[in-house]
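Below are the chains, spelled out letter by letter.
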Amino acid sequence: MIDINLNNYEKFALDFLEGNLSLAKRYAFLSFLKKNPDVEDDLKLLENINWSEDSFVFDEKINLKKQLVISDNKKSNFDELCIAKLENDLSEKENTLFTDYLRNNKLKFNEYKKYTYTVQRPDKSIVFNNKELIRRKQNSSLRKVYSIISVAATILLIVGLYFLINEQELVLQVANNYENSVKEEALIKADQSKRRIESSEIKIENKIKKISSKKDYETKPKPEQFKSDIRLEKANIKRANLLAKLQPKDIEITWSMKEIELFKPVSNSCYVVIDQSEYLSLSTFFRNKIKEKVGFKNERIGVFDVAKAGIDGVNSLFGLDMKLERTYTSEGDVDRTEFSSQLFAISTPSKNKN
Amino acid sequence: MTVEDYNKSVNLYSDGIYRFILKNIKNQDEAKDIVQDVYEKLWVKSGDVSFDKVKSYLFSAAYHTMIDKIRKNKRITNISEYGEDIGFYSGTYNDLNEVLTEALDRLPGIQKSVILLRDYEGYSYKEIAEITNLSESQVKVYIYRGRLALKKYIGRLEVLV
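The written sequence of each chain sets the order in which its residues are numbered from 1. Written order determines the labels here, with chains lettered from A and ligands numbered from 1. In keeping with the model being predicted, local features are shown solely for residues with a pLDDT of at least 70 and side-chain atom pairs are shown and tallied solely at 80 or more, while totals for entire chains, interfaces and linings include all residues. The basis for every side-chain value is the complete set of non-hydrogen atoms in the structure, without hydrogens or water.

Student: In this structure, what is going on with unusual backbone geometry? I would like to understand it.
Tutor: Glycine aside, residues mostly have negative phi angles, and peptide bonds mostly take the trans form. Even without a glycine there, the phi angle at N88 of chain A is positive, about 60 degrees. Although it is not a glycine, N133 of chain B adopts a positive phi angle of roughly 60 degrees. Looking at the element boundaries, N133 of chain B is found in the loop between α6 (125-132) and α7 (136-154). When a residue's accessible area, from a 1.4 Å probe over protein chains only, is under 20% of the maximum for its type it is buried; when over 50% it is exposed; and in between it is partly exposed. Residue N133 of chain B is classed as exposed on the basis of its relative accessible area of 59%. Numbering of helices and strands starts at the N terminus; helices are DSSP runs of H or I of at least 4 residues and strands are runs of E of at least 2.

The structure is reproduced here in structure tokens:
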């Protein structure tokens, strides 16, 4: 709303006389003049001032001046007003004034009505039929729940496994990797010792056989060329007898981690070296640890076994009673895998089931 | 924008965009292609466009895609052309919509677009200016010229009504 008052009207007055005011300002200025007849009189005086001595007059002023709302002359802004009304661009007062004008002038009203027909109405029967092509699939809430459960279950299993295996052992295992070079050296030495023992055993057996046939040998005539050999043999037999009396000494290798036994005595006389590379891998360690803790008999451990171990670990950790079990068919095939807890239970058929 | 918002925008605005484009280019297949292109663009930009701005984004993308297609097809040489006299209707009036459709088709592309955006979707001058990359004043001028031309084309209303 344009506020024209006694303090600021002068700046509007000149523009008003020169026809430079916008429609809204012009209307506001006329309202102001009505309220202030003194100013209106002053303005009339101004209008009549002869600005130049020559008194050149531009006769077409009337055509240049903008009308408040409408005029009947040829240069009317009627079209502009019609469109402004259609577009709701008129102020409330302008709209009232223009509507009154149209009401009192049927010809002009009909002209305005033509403008109203230019407003386009959307044809609602035209619709885009391929909406399905541009829609995107939404993740169902159930899927989200499954995702959350999966993450929670994974975390629980990891916690369970961690608890099951014991933190200290893990640390030791990792630290033990740094000692691989030392262990390799020990293995080589142990292997050499084992070979020496085996060689000694074979020799002893041979000597014993020779000793048993000694009497026959001595009764037969001795060729001269074998005399020195016999002396040598006698010395060997003496040594062999001494070796036979020897007992294999227990080789005890003490590791900082007792659980990893690189050597296992299978008899008094020999040691078996367990394949080092396989045993020292982390997966082997976990596999053996799970077997040991949960008591699996199968050589191969699958996801189910790991999950079961994890759940057992969680049960021990939190004192829960969750169960992960498999049911089997009469042919011995896995039928279903079932999980049960205090909160919920899931049963899923085996994928390999025929 | 979530997938839900995106699909909601499909339900809410795809018909309007299709109508707007179809009215402009008069080719159903191309109009459908443009709608699909526009929603593909929206999906790619879905992270950057919020739901309250999606309508404006869609119409803006649709308008520019349409202009590109028109230029490519050389249907019209200058989309900004204006001031063309579309003549007046000299036949007998059977159906007002038919006459208006014919009148609208005779308007220069830019005038037709701004009038459709204004009348079909009720956009403000400012919004139309943003969609079409014009100034508000230009939008007003195009709407004014377009309506004036349509009114002239309708001609003798007394015969019609």
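Student: Is there a simple way to explain the interface of chain B and chain A in this structure?
Tutor: As a measure of interface size, the accessible area lost when the parts come together is often cited. Between chain B and chain A, the contact holds 37 residues from the first and 30 residues from the second. Two parts placed together each lose some accessible area under a 1.4 Å probe, and adding up what both lose gives the buried area. Contact between chain B and chain A buries roughly 3,300 Å² in total, counting both sides, with carbon and sulfur atoms accounting for 61%. A side-chain nitrogen of Lys or Arg and a carboxyl oxygen of Asp or Glu constitute a salt bridge if their distance falls within 4 Å. Counting every contact that joins chain B to chain A gives four salt bridges. Ionic pairing is found between R118 of chain B and E87 of chain A, a salt bridge with its closest N-O pair at 2.4 Å. The definition of a polar contact used here is a pair of N or O atoms within 3.5 Å, where within protein one atom must be able to donate a hydrogen and the other to accept one, and adjacent residues in sequence count solely through side-chain atom pairs. If you look at where chain B meets chain A, you find 12 residue pairs in polar contact (both at pLDDT 80 or more). When residues in the side of chain B that touches chain A are grouped by element, the largest group, 11 residues, is from helix α1 (residues 3-25) of chain B. Residues belonging to the side of chain B that touches chain A are distributed by class as follows: 22 nonpolar, five polar and 10 charged. Residues are treated as being in contact if the distance between any of their heavy atoms lies within 4.5 Å. Under the grouping applied here, Gly and all other residues not named as nonpolar or charged are polar, the nonpolar ones being Ala, Val, Leu, Ile, Met, Phe, Trp, Tyr, Cys and Pro and the charged ones Asp, Glu, Lys and Arg.

Student: Explain the nonpolar core here, please?
Tutor: Think of a nonpolar core as a cluster: buried Ala, Val, Leu, Ile, Met, Phe, Trp, Tyr and Cys residues, connected wherever their side-chain atoms sit within 4.5 Å. I17, I21, Y39, L58 and M66 of chain B are the most contacted members of the largest nonpolar core, which totals 49 residues. Boundary definitions for the domains trace back to an automatic or database domain assignment. Structurally, this core is a two-domain feature, drawing no fewer than three residues from each of domain 1 (1-75) and domain 2 (85-161) of chain B. When neighbours within four sequence positions are excluded, Y39 of chain B is seen to be in contact with I134 of chain A together with Y6, S9, V10, Y13, S14, I17 and L58 of chain B. Residues L81, L86 and Y115 of chain A together with L148 of chain B belong to the second largest nonpolar core, which totals 15 residues.

Student: Please clarify how the confidence of the model for chain A should be interpreted in this entry.
Tutor: Low pLDDT means the predicted atomic positions in that stretch should not be read closely. With 56% of its residues at a pLDDT of 70 or more, chain A has an overall mean of 70. What pLDDT conveys is the predictor's confidence in a given residue, as a value from 0 to 100. pLDDT under 50 marks residues 251-278 of chain A. Its contacts with residues more than four places away, or in other chains, come to 50 contacts.

Student: What should I look at first to understand the packing of helix α1 (residues 9-18) of chain A against helix α2 (residues 23-35) of chain A in this one?
Tutor: When two helices pack together, their arrangement is given by the angle between the helix axes and the distance between those axes. Residues and elements named next belong to chain A. Interaxial angle, 0 to 180 degrees, is taken between N-to-C directions of lines fitted to C-alpha atoms, where a helix line uses only the stretch in contact. Interaxial distance between α1 and α2 falls to 11 Å at its minimum, and their mutual angle equals 115 degrees. Where α1 crosses over α2, the handedness of that crossing is left-handed. The segment α1 lies against α2, with Y9, F12, A13 and F16 engaging K25, R26, F29, L30, F32 and L33. Each residue belonging to the contact of α1 with α2 can be placed in one class, and the counts come to eight nonpolar, no polar and two charged. In a left-handed crossing the near helix is turned counterclockwise from the far helix by less than a right angle, and in a right-handed crossing that turn is clockwise.

Student: Sorry if this is basic, but what is going on with the packing of aromatic side chains here?
Tutor: Here the distance between the centres and the angle between the planes together describe a pair of aromatic rings. Stacked, edge-to-face and tilted are the three classes for Phe, Tyr and Trp ring pairs, Trp counted by its six-membered ring, which pair at centre distances within 6.5 Å; planes under 30 degrees apart are stacked, over 60 edge-to-face, the rest tilted. Inspection of every chain in the model, using the stated rule, returns 11 aromatic pairs over all chains. Taking 5.9 Å as the distance between ring centres and 50 degrees as the angle between the ring planes, the aromatic pair formed by F78 of chain A and F98 of chain A counts as tilted. Note that F78 of chain A is positioned in helix α5 (residues 78-86) and F98 of chain A in helix α6 (residues 92-103), a separation of 20 residues in sequence. The two residues F78 of chain A and F98 of chain A agree in class, both being buried. Here Y6 of chain B and W43 of chain B contribute two aromatic rings whose centre-to-centre distance is 5.0 Å and whose plane-to-plane angle is 70 degrees, an arrangement assigned as edge-to-face. Residue Y6 of chain B is located in helix α1, and its partner W43 of chain B is located in helix α2 (residues 28-44); the two are separated by 37 residues in the primary sequence. In this structure an aromatic cluster arises from ring pairing among Y9, F16, F29 and F32 of chain A. The ring centre of F78 of chain A lies 4.6 Å from the NZ or CZ of K108 of chain A, which sits over that ring. By definition, being over a ring means that NZ of Lys or CZ of Arg is both within 6 Å of the ring centre and within 35 degrees of the ring normal.

Student: What should I look at first to understand a nonpolar patch on the surface in this one?
Tutor: Residue and element names in this part refer to chain A. Candidates for patches are residues over 30% relative accessible area with no salt bridge; among them, like charges are joined within 9 Å and nonpolar side chains (Val, Leu, Ile, Met, Phe, Trp, Tyr) within 5 Å. Here the Shrake-Rupley method, with its probe set to 1.4 Å, supplies the accessible areas, and only the displayed protein chains count as covering residues. Nonpolar side chains collect at one region of the surface, where I149, L343, F344 and I346 lie side by side and expose about 400 Å² of accessible area between them. With respect to the secondary-structure elements, I149 resides in helix α9 (residues 141-165). On the basis of relative accessibility, which here comes to 35%, the residue I149 falls in the partly exposed class.

Student: Teacher, can you tell me more about the pattern of salt bridges here?
Tutor: A side chain of one charge can pair with a side chain of the opposite charge if their charged atoms are brought near each other. As enumerated under the stated definition, the model contains 12 salt bridges over all chains in all. Between D100 of chain A and R103 of chain A there is a salt bridge, with the nearest N and O atoms lying 3.5 Å from each other. Highlighted residues: D100 of chain A and R103 of chain A, both in helix α6, separated by three residues, approximately one helical turn. Residue classification places D100 of chain A among the partly exposed positions, given a relative accessible area of 32%. Judged by its relative accessible area of 62%, R103 of chain A falls in the exposed class. Put simply, K151 of chain B and E111 of chain A hold a salt bridge, and the shortest N to O gap is 2.6 Å. Of the two residues, K151 of chain B sits in helix α7 while E111 of chain A sits in helix α7 (residues 106-116), which places them in two different chains.

Student: What is the right way to look at the sheet that holds strand β4 (residues 334-340) of chain A in this model?
Tutor: Remark on secondary structure: sheet strands pair via backbone hydrogen bonds, oriented parallel or antiparallel. Residues and elements named next belong to chain A. At least two bridges found by DSSP between two strands is the condition for calling them paired. As summarised here, the arrangement of the three strands in space is β3-β4-β5, forming an open sheet in which the pairing is antiparallel. If you trace the sheet from one side to the other, it starts and ends with β3 (323-328) and β5 (345-349), each paired once. If you compare each strand with its neighbour and ignore which way they point, the axes differ by 15 degrees on average. Strand contacts of helix α16 (residues 303-318): β3 and β4, with the helix running at about 145 degrees to β3, the strand carrying the most contacts.

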